[in-house]
Amino acid sequence: MTVADMIKSHPDLALDPDALVTCIEAAQAAVTACTACADACLAESDVTALRTCIRRDLDCADIAATTARVLARQVALDPGLVRVVLEACAVAAKRCAVECEQHAEMHEHCRICAQACVDLYAASRSLLETLRDEGVPQPSER
């Protein structure tokens, strides 16, 4: 079973299904990439120089996992909460990507992780735009 099959079979979708699937899949990929990158950083001889990278990896993995779970739940969806979760996810993904890119020439795992985070950032921002396009009230409009 794929994420797309499961989401598109839902009888009460509150969000754009294509953008939703893309974001959930990107979040799940980032969880794996960030967790594996943090682990690989711990195995490097210069682990002290990678402390910030490890922290960004673990923060992004946790936030991405939460984002995927929140997005998979469509019934009684709280658009304001979804917006905040997506914004936090985009921030964590961007910060992790920037940090990993600094180490990408020396560590292949950082290059791979940076790309997963760039993809998650883009997917999060894209889904946020669909929330705005669908006329979902912004926090300041309530």
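Residues numbered from 1 in each chain as written. Predicted model: local features only at pLDDT ≥ 70, side-chain atom pairs only at ≥ 80, totals over all residues. Heavy atoms only, no water.

(A) How the structure looks around the packing of helix 3 (residues 51-72) against helix 4 (residues 79-103). For the pair helix 3 and helix 4, the least separation of the axes is 8 Å and the interaxial angle reads 150°. In terms of orientation, helix 3 lies roughly antiparallel with respect to helix 4. Note that helix 3 runs across helix 4; the crossing there is left-handed. Contacts from Thr52, Cys53, Arg56, Asp57, Cys60, Ile63, Ala64, Thr67, Val70 and Leu71 in helix 3 reach Val82, Val85, Leu86, Ala88, Cys89, Ala92, Ala93, Arg95, Cys96, Glu99, Cys100 and His103 in helix 4. Classifying every residue of the contact of helix 3 with helix 4 by side-chain character gives 15 nonpolar, three polar and four charged. (Axes fitted to C-alpha atoms, helices over the stretch in contact; angles between N-to-C directions. Helix = DSSP H or I, 4+ residues; strand = E, 2+ residues; numbered from the N terminus. Parallel < 35°, antiparallel > 145°, perpendicular 65-115°, else oblique. Left-handed = near helix turned anticlockwise from the far one by under 90°. Contact = heavy atoms within 4.5 Å. Nonpolar A, V, L, I, M, F, W, Y, C, P; charged D, E, K, R; others polar.)

(B) Fine view of the state of the cysteines. For the coordinates displayed, the defined rule picks out zero disulfides. For cysteine 100, which is in no disulfide, the shortest distance to another cysteine sulfur is to cysteine 53 and amounts to 3.6 Å. Sulfur of cysteine 110: no disulfide; nearest cysteine sulfur belongs to cysteine 37 and is 3.8 Å away. By relative accessible area, which is 0% here, cysteine 110 ends up buried. (Disulfide = S-S within 2.5 Å. Buried < 20%, exposed > 50% of the residue type's maximum accessible area, 1.4 Å probe, protein only.)

(C) Layout of the environment of leucine 50. Relative to the assigned elements, leucine 50 resides in the loop between helix 2 (17-43) and helix 3. Remark: the alpha-carbon pair of leucine 50 and alanine 38, spanning 12 residues in sequence, is separated by 8.8 Å. Those residues in contact with leucine 50 that lie beyond four places of it in its chain are Cys41, Glu44, His103 and His107.

(D) Geometry of helix 3. In a regular helix each residue adds 1.5 Å, so 22 residues correspond to 32 Å; helix 3 covers 32 Å between its end C-alpha atoms and thus fits that length. Buried within helix 3 we find Cys53, Ile54, Asp57, Cys60, Ala61, Ala64, Ala65, Thr67, Ala68, Val70 and Leu71. (Expected span 1.5 Å × (residues − 1).)

(E) How the structure looks around the confidence of the model for the protein. Of all residues in the protein, 92% have pLDDT values of 70 or greater, and the mean over the chain is 92. Looking across the protein, the model is least confident in helix 1 (residues 3-8), with a mean pLDDT of 89, and most confident in helix 3, with 98. (pLDDT = per-residue confidence, 0-100.)

(F) Seen up close, the environment of arginine 95. Structurally, the position occupied by arginine 95 is in helix 4. The exposed category is assigned to arginine 95, whose relative accessible area is 52%. Sequence separation between arginine 95 and cysteine 53 is 42 residues; the distance between their C-alpha atoms is 9.4 Å.

(G) Representation of the environment of cysteine 34 within the structure. Along the polypeptide, cysteine 34 turns up in helix 2. Distance in space between the C-alpha atoms of cysteine 34 and cysteine 100 is 9.6 Å, their sequence separation being 66 residues. Other than its neighbours up to four places away in sequence, cysteine 34 contacts Asp57, Cys60, Ala61, Cys96, Cys113 and Cys117.

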